[in-house]
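# What the coordinates show
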Amino acid sequence: MYKFPKQEDIVDAVLNGILTAKKNFSTWTADELYLSYAPPKFLTIHVSQEIAKLQNPPEIFIDATIADILRCSLPKRDGFREFMKKHYLMQDVICLTLDERFEHKSDNDSISRVILSIKNGVRNVQEEYKNDVDVICKMINREKKEDSTLDYGIFAFYLDISNTARKKSEKRLEELLEAFDKIVSSYPHLKSSFKGGDIKKIENIGEWCIGCYIIEPTV
């Protein structure tokens, strides 16, 4: 019987995926480029590969639409339009969506469980990142467990700066988490946590770190 992976295992896979992306990009470019110069989907593909290595891997979808995710997570399949209108959600895509794995009887019986926004080259608090966190909050905030099958959302990121940067990584990370915490706290049924953030320093070059900001319902 299929058992959805534990949150801890998913988060570790995400962190390992970004770390693998960094190692590969450094090797492929002969250490001449930072990972932040990698193509947009570079991190997402590596994260997907790590999640797929789990003992009980979920179904993995890249760039699923918000409408499709809601259709596969709300109690009523046709309730996504009203939900999006009520919560002021515009149609867009989510970097990565994890669904339950089972033998499907139709093309309309998927069950979404986890959503991930994965960003590269994060250095400052930007509206784009705050918007991603807010969208995750809107999609998973609920009053009762039966209101949605979505268990949690993750904003995963890679941060790097040069050694000449005025503001160091520790301060940038602190400001980023403060901004995210403020958004999450505005929702009545959500909590957040953070894993990662270990800052690595490369002499005469710069600093970098990887992190997962996790948002989940309190019910």
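Below, the structure is looked at part by part.

Counting residues in each nonpolar core, the largest one holds 37 residues, and the members touching the most others are Leu-70, Met-139 and Ile-215. Elements with a minimum of two residues in this core: α3 (66-71), α4 (80-86), α5 (127-140), β4 (152-162), α6 (169-185) and β7 (206-217). With 7 residues, α5 is the largest single contributor of residues to this core. Non-local contacts of Leu-70, meaning those with residues more than four positions away in its chain, are made with Phe-80, Phe-83, Met-84, Leu-89 and Met-139. Ala-21, Phe-25, Ala-38 and Tyr-158 belong to the second-largest nonpolar core, a separate cluster that totals 30 residues.

Moving on: the pairing of β4. Judged by how many residues are buried, β4 sits mostly within the fold: 10 of 11 residues are covered. Looking at chain direction, strand β3 (residues 112-119) and β4 are connected through 6 bridges and run parallel. By the bridge assignment for β4, Ile-115 is matched with Gly-153. The parallel pair β3 and β4, bridged by α5, forms a crossover whose chirality is right-handed.

Here we take up the side chain of Arg-113. Tracing the backbone shows Arg-113 in strand β3. Look past the residues within four positions of Arg-113 in its chain and what remains in contact with it is Phe-4, Leu-98, Asp-99, Glu-100, Thr-149, Leu-150, Asp-151 and Tyr-152.

The next point concerns unusual backbone geometry. Unusually for a residue other than glycine, Ala-30 sits at a positive phi of about 55°. Along the chain, Ala-30 falls in the loop between α1 (7-28) and α2 (42-52). Residue classification places Ala-30 among the exposed positions, given a relative accessible area of 52%. Located in the positive-phi region is Tyr-88, a residue other than glycine, with phi close to 55°. Position of Tyr-88 relative to the elements: it lies in the loop between α4 and β2 (93-99).

Another aspect to go through is the packing of α5 against α6. Two elements in contact, α5 and α6, have axes whose closest approach is 10 Å; the angle formed by their N-to-C orientations is 35°. The crossing of α5 and α6 is right-handed. Along its contact with α5, which presents Tyr-129, Lys-130, Val-133, Asp-134 and Cys-137, the element α6 presents Leu-176, Ala-179, Phe-180, Ile-183 and Val-184. Classifying every residue of the contact of α5 with α6 by side-chain character gives 8 nonpolar, no polar and 2 charged.

Note that Glu-103 resides in the loop between β2 and β3. Linking Glu-103 and Leu-74, residues 29 residues apart in sequence, is a C-alpha distance of 20 Å.

The subject of this paragraph is α2. Most of α2 is tucked away: 8 of the 11 residues are buried. Residues of α2 that are buried: Phe-42, Leu-43, Thr-44, His-46, Val-47, Ser-48, Glu-50 and Ile-51.

Cut-offs applied
- Residues numbered from 1 in each chain as written.
- Predicted model: local features only at pLDDT ≥ 70, side-chain atom pairs only at ≥ 80, totals over all residues.
- Heavy atoms only, no water.
- Core = buried A, V, L, I, M, F, W, Y, C linked by side-chain atoms within 4.5 Å.
- Buried < 20%, exposed > 50% of the residue type's maximum accessible area, 1.4 Å probe, protein only.
- Helix = DSSP H or I, 4+ residues; strand = E, 2+ residues; numbered from the N terminus.
- Contact = heavy atoms within 4.5 Å.
- Pairing = 2+ DSSP bridges.
- Right-handed = clockwise from strand over helix to strand, strands pointing away.
- Axes fitted to C-alpha atoms, helices over the stretch in contact; angles between N-to-C directions.
- Left-handed = near helix turned anticlockwise from the far one by under 90°.
- Nonpolar A, V, L, I, M, F, W, Y, C, P; charged D, E, K, R; others polar.

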